[in-house]
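# Descriptive analysis of the structure
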Amino acid sequence: MKRRIHSFVWGGLAALILIIIGIVTSVNTNDYINLAFWGVVGILAFTLISCLILDNNFVGDMVLEIFSWGFVKMPGLIFTLDLDGIIWLLTVKLLFWILGFILAIICGILAIALGLVVSVFVYPFAIYKNVKGIE
């Protein structure tokens, strides 16, 4: 019961914020298709946050698993102890850090996007399981 109330409150708050953003941007730009987009994103955010709070489905595990794809261990580097070797080491380590950061951001966006889409279909079952007390 407590999780259900929290899921309604926090999911509704996220949906409200996104819909208000859509209203403000569509009024400023006179582009009302933008409002429909933000409305759909608000509904998707409501279902995702509710599924994550209810925690009786696979959506949270799926999102975390896809997030984890972005955190990879980069290979070790062999270098020489002269100026060229140290400069090469620093530049390649910096390049690997940038690539790892970009990969983590891409996987994070993918995880949230898939979570938004999947949660719409999982939410009715999650709320049913919560109401019936099936865990």
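We now turn to the structure provided with this report. Only a predicted model underlies this, so the values are computations on that prediction, with no experimental measurement involved.

### Thoughts on a nonpolar patch on the surface
There is a patch of nonpolar side chains on the surface, built from Met1, Ile5, Val9, Trp10, Leu13, Leu16, Ile17, Ile20, Ile21 and Val24 and spanning about 930 Å² of accessible area. Relative to the elements of secondary structure, Ile5 occurs in helix 1 (residues 2-29). Exposure remark for Ile5: the relative accessible area of 45% places this residue in the partly exposed category.

### Some thoughts on unusual backbone geometry
Of note in this structure, Asp55 is not a glycine but carries a positive phi near 55 degrees. Along the chain, Asp55 falls in the loop between helix 2 (33-54) and helix 3 (59-68).

### With respect to the packing of aromatic side chains
Summed over the entire model, instances satisfying the criterion amount to 3 aromatic pairs. Ring geometry for Phe46 and Tyr123: centres 5.6 Å apart, planes at 70 degrees, overall edge-to-face. With a gap of 77 residues between them, Phe46 in helix 2 and Tyr123 in helix 4 (residues 83-132) connect regions that are remote in the sequence. Residue class for Tyr123 comes out buried when judged on its relative accessible area of 13%.

### Observations regarding the nonpolar core
Counting 17 residues, the largest nonpolar core has Cys51, Leu54, Val59, Val63, Leu116 and Tyr123 as its most contacted members. Mapped by element, the contributors of at least two residues to this core are helix 2, helix 3 and helix 4.

### Here's the deal with the side chain of Asn130
You can see Asn130 is positioned in helix 4. Residue class for Asn130 comes out buried when judged on its relative accessible area of 8%.

### Some points on helix 2
Taking 1.5 Å per residue, 22 residues should reach 32 Å; helix 2 reaches 32 Å between its end C-alpha atoms and fits that length. On its buried face, helix 2 is in contact with helix 1, helix 3 and helix 4. Directly after helix 2, the chain includes Asp55, whose backbone phi takes a positive value near 55 degrees.

### Remarks on helix 3
Taken as a whole, helix 3 has its buried residues at Val59, Gly60, Met62, Val63 and Ile66. Looking straight down helix 3, one finds that the buried residues subtend no more than 165 degrees of arc, so they occupy a single side. Relative to its buried face, helix 3 has exposed residues pointing more than 90 degrees away, namely Asp61 and Leu64. Buried positions along helix 3 lie against helix 2 and helix 4.

### Let's talk about the packing of helix 3 against helix 4
Running from amino to carboxyl end, helix 3 crosses helix 4 at an angle of 165 degrees, the nearest separation of the two axes being 8 Å. Regarding the angle of helix 3 to helix 4, the classification is roughly antiparallel. Classified by chirality, the crossing of helix 4 by helix 3 is right-handed. For the pair formed by helix 3 and helix 4, the contact residues are Val59, Met62, Val63, Ile66 and Phe67 on the first element and Cys107, Gly108, Leu110, Ala111, Ile112, Leu114, Gly115, Val118, Ser119 and Val122 on the second. Of the residues that constitute the contact of helix 3 with helix 4, the class distribution is 12 nonpolar, 3 polar and no charged.

Thresholds applied
- Residues numbered from 1 in each chain as written.
- Predicted model: local features only at pLDDT ≥ 70, side-chain atom pairs only at ≥ 80, totals over all residues.
- Heavy atoms only, no water.
- Patch = residues over 30% accessible without salt bridge, like charges linked within 9 Å, V, L, I, M, F, W, Y side chains within 5 Å.
- Areas by Shrake-Rupley, 256 points an atom, 1.4 Å probe, with all protein chains shown as cover.
- Salt bridge = Lys/Arg side-chain N within 4 Å of Asp/Glu carboxyl O.
- Helix = DSSP H or I, 4+ residues; strand = E, 2+ residues; numbered from the N terminus.
- Buried < 20%, exposed > 50% of the residue type's maximum accessible area, 1.4 Å probe, protein only.
- Phe/Tyr/Trp six-rings, centres within 6.5 Å; stacked < 30°, edge-to-face > 60°.
- Core = buried A, V, L, I, M, F, W, Y, C linked by side-chain atoms within 4.5 Å.
- Expected span 1.5 Å × (residues − 1).
- Contact = heavy atoms within 4.5 Å.
- Arc of directions from axis to C-beta.
- Axes fitted to C-alpha atoms, helices over the stretch in contact; angles between N-to-C directions.
- Parallel < 35°, antiparallel > 145°, perpendicular 65-115°, else oblique.
- Left-handed = near helix turned anticlockwise from the far one by under 90°.
- Nonpolar A, V, L, I, M, F, W, Y, C, P; charged D, E, K, R; others polar.

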